[in-house]
Amino acid sequence: MKLNNLKDPQQIVDFATAVKTGLGNNQGLFFPAEIPILSNIDALLSMPTSDRNFDVLRPFVRDNINDEALKSIIGKTFSFSSPLVPVHDQTHCLELFHGPTLAFKDFGARFMANCLQHFATQQAVKGEKTTILTATSGDTGAAVAHAFHGLKNIDVVILFPKGKISALQQKMFTTLADNIRTVAVDGTFDDCQKLVKQCFDDADLVKTVGLNSANSINVSRLFAQVCYYFDALAQLSPAQRSRSVFAVPSGNFGNLCAGIIAKTMGLPIKRFVASTNLNDTVPRYLEDGVWSPNATVETLSNAMDVSKPNNWPRIEYMIESGQFDRDLLSGLAVDEHTTARTLKQLYQLGYISEPHAAVAYQGLHDSLTPEEVGIFLGTAHPAKFKSTVEELLNIELPLPEAIADCAEKVDLSIYMEADFQRLKQFLMIN
């Protein structure tokens, strides 16, 4: 399959090039001109998960990864479950936090790392090295750091907004050392994203350090995330599938983009709700058609504190190309008071959640009709937001082993102003 640069139609690449390059010319995103449509979806949903994932991913990668290698990559990537947990009446949570860093980002980060490792043989022969540069508003950092930790010929640099993510989230990726380096940027997540884009615009820097990105701008991550939407519907009865409504907690909009890809491939999802916090650029855009990002504000759901979502152009492309019906997507912005209240309501229903999933649940709750089946995405383990959840619910959360292991370790991150020249110097020297 060929992938187009959405900002430069003349740049058309294969999957391997897109994975190794990250961003295209003019900071353009790589994306298929046409999403493949799968046949016999019912049979696909009755398959074992690994076999289904193979059929979902194969159309995207078969030009660069043979069937045997793809099966191996799938086995190493999808080594944990994504259970659909009943919460209330016709409402379920798709729990995506059972991977090694307790967040949905594990799916995409591990798939990308395993694909890059597969492609690394030729690079190693040439003596080339890859530098992964990524920005995180929380969970991406841990997922990328753990997925790439210890891999030969791959260095990782993670930018995060200083003081704007939870302490436990931060410890999960700032304590690893070896080939993982972390930078606390004086600014917002949008500032971190801007720095990443500026680096990719510098051809000399890209060539010198072998620059790549593991943000959801790297299309490999999106393809991996498509799989768990299929997994969700496989856990519903056949009669429920076409009535399914997905509410997606949305920050950078990669998660929602993956769901829309799944729908476009033939998965019988009825519609989507894009649930954001006070950083409501997309809900306002869906309402009035005006793209007007405001300054990013800090919220309880900090991983979604993004006012300029990088993945929206991909969703826009699927709409404009006629592959996805814009009427099947609605948006809702949830304020802080409502987020806290919804988290408490979920607890009263017997389900312990966290702010991001609460935002998604609220989006579902506000629009679900009696005949529909609601699914909201649980993107992170509640313990990753331990202090917030404990304070709001007046409970004590035990730390899972993955978090407890790093909680007392030394934070190895360095501080840096949001300055491109300083970051460039740091990358070149190191």
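Residues numbered from 1 in each chain as written. Predicted model: local features only at pLDDT ≥ 70, side-chain atom pairs only at ≥ 80, totals over all residues. Heavy atoms only, no water.

Let's shift gears to the overall build of the chain. Counting secondary structure elements, the chain contains 19 helices and 14 strands. For 430 residues, the compact-globule estimate of 2.2 N^0.38 gives 22 Å, and the chain sits close to it at 20 Å. Counting only C-alpha atoms, the chain reaches 60 × 50 × 45 Å along its principal axes. A burial count over the chain gives 60% of its 430 residues as buried. Considering only contacts within the chain whose residues lie at least 6 apart along the sequence, 74% involve residues at least 24 apart. By element, 48% of the accessible surface of the chain is carried by carbon and sulfur atoms, the whole surface being about 16,500 Å². In the chain, 37 side chains carry a positive charge and 47 a negative one; their mean positions are 5 Å apart. (Helix = DSSP H or I, 4+ residues; strand = E, 2+ residues; numbered from the N terminus. Rg over C-alpha atoms; globule rule 2.2 N^0.38 Å. Buried < 20%, exposed > 50% of the residue type's maximum accessible area, 1.4 Å probe, protein only. Contact = heavy atoms within 4.5 Å. Areas by Shrake-Rupley, 256 points an atom, 1.4 Å probe, with all protein chains shown as cover. Lys, Arg positive; Asp, Glu negative; His and termini not counted. Charge placed at Lys NZ, Arg CZ, Asp CG, Glu CD.)

Here five strands make up an open sheet; going across it, the order is 9-6-7-8-14 and the pairing parallel. At either margin of the open sheet sits one strand with a lone partner, and together these are strand 9 (211–212) and strand 14 (414–417). Where helix 7 (residues 167–174) meets the sheet, it contacts strand 7 (154–161) and strand 8 (180–186), and its direction lies at approximately 160° from that of strand 7. Here helix 8 (residues 189–200) sits on the sheet and contacts strand 6 (130–135), strand 7, strand 8 and strand 9; the angle it forms with strand 6, its principal contact strand, is near 150°. (Pairing = 2+ DSSP bridges. Axes fitted to C-alpha atoms, helices over the stretch in contact; angles between N-to-C directions.)

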